[in-house]
Amino acid sequence: MGGRGVLLTSNLPQLQNLIKRDPVSYKEEFLQQWNHYDSIRQIFQINPDEQAQHFRELVSFISQVAQCYPKETKDFPSHLSTLLLENYGTLTPDTRKTLVQNLVMLRNKDVITSIELLKSLFPLLPRTTSSTLRAFIRKTILSDIRTANLRTKNHKLNRAVQAMLFTMVERGMDAEVVGDKGKLRSAGPTSDKTANNGEDAMWAVILTKELWRKGIWTDAKPVSIVALGCFHPVMKVQSASIHFFLGSDDEKEDSDDEDDEGPDVRALHHRREVNKKRRGDDKKLQKQLNAAKKKKYNKNAPTTPNFPALQLLNDPQTFAEKLYDNLSRYDKRFSLEHKILIMQLLSRVMGAHKLCVLSFYTYIVKYLTYHQLRVPSILVALAQSVHDLTPPDALTPVVQKLAAEFVHPGVGSEVIAAGINSIREVCRRQPWAMEEDLLGDLVEYRRSRDKAVTAAARGLLQLYREVNPGMLKRRERGKDASIGMSKGGQPLPFGHSADAAVDIEGLMLLEDHLQKLREEEMGGANNDGEDDEATAWEGWDVETDSDSESESEGWIDVDSEGDNVEVSDSEDERESAPKPPGETDPNPNRISTLATTKILTPADFALLNDLRIQAATKAIESGGGSRAKRKLEALEANKRAMQTGPSDGTFISENDILGPRKKAKADYAERIASIEKGREGREKYGSLKGKKNKESPSSSTNREKARNKPIMMILSSGAVRGKKKASLREKQQKLRAHIERAKKSYH
């Protein structure tokens, strides 16, 4: 027995295997190792370098068999967690990695809960310097939370984790704001180095963004965590939080992946050619190529704003006011890039929730100059902040500033186009911000020789033909606008609401379409299933035999063998029945009651949009004119917006401000890419001479080349001149040698 104990204590893997098979029989040996571990742990806390290897082996051994002796090892997880959190700086990298891996193993064996594991791992993220260990901790946290929410939402775990993340962000909020320029850019560390650097808050924001991106957290609580990070005093935390709402996350900042660029496709093909051919190499190569292609597509894909997160903001008005307060108070400390980020987020919040932060327009005026750096992004932020509830008095000075700085003969055509496009986008959202005299001057630019300026001026003209033609001169209003004004149509002043909606535009098309489908179904039922229909109606008149005449007044007996009768659900539908030739419709502008009798689904609205597109197409074919074409374009744009999401119609891009531009001259890389694209699908470039009817490709031989040489070139060659100057003796020797070769070749 003693020999067995000595043998097992020196061979921990064997003892581990035996304990898993029979824990009761080997409990004494385990307790011996547990006491040994306890004594070494106390020594290890005093001197971590002494017996570190043996300590790691004991920790791994106990972690493997901890579920077999839960009572004896109940304090073991707390030992590992305390070592990591209190002595992290003195531990060697191997010991740190071993302790973290064993904690994760205990969680996988259900020895500890997810909350206990995460409480130990979260503080390690900002402290570790090893990229491998940091990536492992990050992956473990994300996978554990994802697994817990796989089937149903684990609200208890989510609340606990979100509370920890919120605390990590809130911890350094009282510090002084550290800008990215000026005197505080390189401020020295405070007493709490971690809080000063914002590492805790940064990792909290990164993990929250990752869980949101993977669809694990989709409620308002993670949005509140990132929203708090937008006001953190550390710049990188602010930037990461703002990028979350803007939808332009920089994956290189948030990710620890080493291969951000992806595999080299050319190197993969070359390796496949030169290496030894194996059966599964083709599948591996194709998998790597697909991964590289997907990564390249995701890298080049355009970024879209995080529209759901903007909608889930708690108290957006206060959030927008705090953003502006942060922007104006620390204007001297923030760089231009960071100020533009805050402007973009503030403008999108104002546009999405229709908020009014009027001081923002007085602040942004100083950046509205054509020589300002990043001025297209600033103009985009200005346009996105405007909506129909923005007071025109606050926007009129901004529009005048844009016209004075961007639209005059002293600047280039690109600047004029950008200025008019900016004014158009502002006035599209609030038409009353424009003055009549200024509008007349801007519209005159439609006669410019530059294409971009002409397009911008025509766009502004077309906008006011639709929203307020009275501000245009009579000759500029157009036919449709003039007819509308003659009938008394006038735009509503600012602050006045339109009349109550009585119908949805084009809803009659959907009602007629559904009525037609019902008629077809009823016709098929009358022809094919008369017996079934009679059976289905059986018993419905049992209780109505004794009813009075007035109660059954609305019922009509229909003979199933007679002609088909059109059944209408409302008076409006009966009024819309087709009239005989020569008879007019007494109610051509009937109002549909479909919205009051049926709950319209998104599929119904999509079908309604398609029906309106079909009607507009028929109107164009029958000579509807330019108005029908514009209506068709608007409907098609609405269909694209419904397919791509609501953010496309709410937010604009720099291309909308800059307008159509001349194609820039291609650089060297673009020319090479165009050349290589033209070579796709054809044989390798080069002459095919000498390569026909050959097993392996090769060039032509010297004898083949000599046949095509010019005669004068051959006559002046050394071989021909040598033959002419040869003596009789040399000619005889050559003839004899030729005869000998011929004899040898014959035999």
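Residues numbered from 1 in each chain as written. Predicted model: local features only at pLDDT ≥ 70, side-chain atom pairs only at ≥ 80, totals over all residues. Heavy atoms only, no water.

1. Comments concerning the nonpolar core
When a protein is soluble and globular, its nonpolar side chains tend to lie buried together. Ranked by internal contacts, the top residues of the largest apolar core, which has 81 residues, are F245, F319, M343, L345, F360, M434 and Y464. Counting residues in hydrophobic clusters, the runner-up holds 63 residues, among them V65, A66, L207 and I216. (Core = buried A, V, L, I, M, F, W, Y, C linked by side-chain atoms within 4.5 Å. Buried < 20%, exposed > 50% of the residue type's maximum accessible area, 1.4 Å probe, protein only.)

2. Brief notes about the pattern of salt bridges
Inspection of every chain in the model, using the stated rule, returns 22 salt bridges. Among the salt bridges present, the one from R107 reaches D144, with a minimum N-O distance of 3.5 Å. Here R107 is found in helix α6 (residues 93–108), whereas its partner D144 is found in helix α8 (residues 131–148), with 37 residues between them in sequence. Accessibility assignment for this pair places R107 and D144 in one class, buried. Between R329 and D325 there is a salt bridge; the shortest N-O distance is 3.0 Å. Of this pair, R329 and D325 both sit in helix α18 (residues 316–329), four residues apart, which is roughly one turn of that helix. Residues joined by salt bridges that share partners form a network here, namely R138, E210, R213 and K214. (Salt bridge = Lys/Arg side-chain N within 4 Å of Asp/Glu carboxyl O. Helix = DSSP H or I, 4+ residues; strand = E, 2+ residues; numbered from the N terminus.)

3. Remarks on the packing of aromatic side chains
All chains considered together, the criterion is met by 16 aromatic pairs. Judged by centre distance (6.0 Å) and plane angle (55 degrees), the ring pair of F245 and F319 falls under tilted. Pair noted here: F245 is in helix α13 (residues 235–246) and F319 is in helix α18, with a separation of 74 residues, a long-range link. Here F319 falls in the buried class, since its relative accessible area comes to 6%. Judged by centre distance (6.1 Å) and plane angle (85 degrees), the rings of Y324 and Y363 are edge-to-face. Here Y324 is found in helix α18, whereas its partner Y363 is found in helix α20 (residues 359–364), with 39 residues between them in sequence. Across this residue pair, the class does not change: Y324 and Y363 are buried. Cation over ring: R96 sits above Y88, and NZ or CZ is 4.4 Å from the ring centre. Its end group placed over the ring of F231, K322 keeps NZ or CZ at 4.6 Å from the ring centre. (Phe/Tyr/Trp six-rings, centres within 6.5 Å; stacked < 30°, edge-to-face > 60°. Lys NZ or Arg CZ within 6 Å of the ring centre and 35° of its normal.)

4. What to know about the packing of helix α9 (residues 155–170) against helix α11 (residues 199–213)
Direction vectors running N to C along α9 and α11 enclose 140 degrees, while the axes themselves pass 7 Å from each other. With respect to α11, the axis of α9 lies oblique. The handedness of the crossing between α9 and α11 is left-handed. Contacts between α9 and α11 pair L165, M168 and V169 from the former with D200, A201, A204, V205, L207 and T208 from the latter. Its residues assigned to classes, the contact of α9 with α11 comprises seven nonpolar, one polar and one charged. (Axes fitted to C-alpha atoms, helices over the stretch in contact; angles between N-to-C directions. Parallel < 35°, antiparallel > 145°, perpendicular 65-115°, else oblique. Left-handed = near helix turned anticlockwise from the far one by under 90°. Contact = heavy atoms within 4.5 Å. Nonpolar A, V, L, I, M, F, W, Y, C, P; charged D, E, K, R; others polar.)

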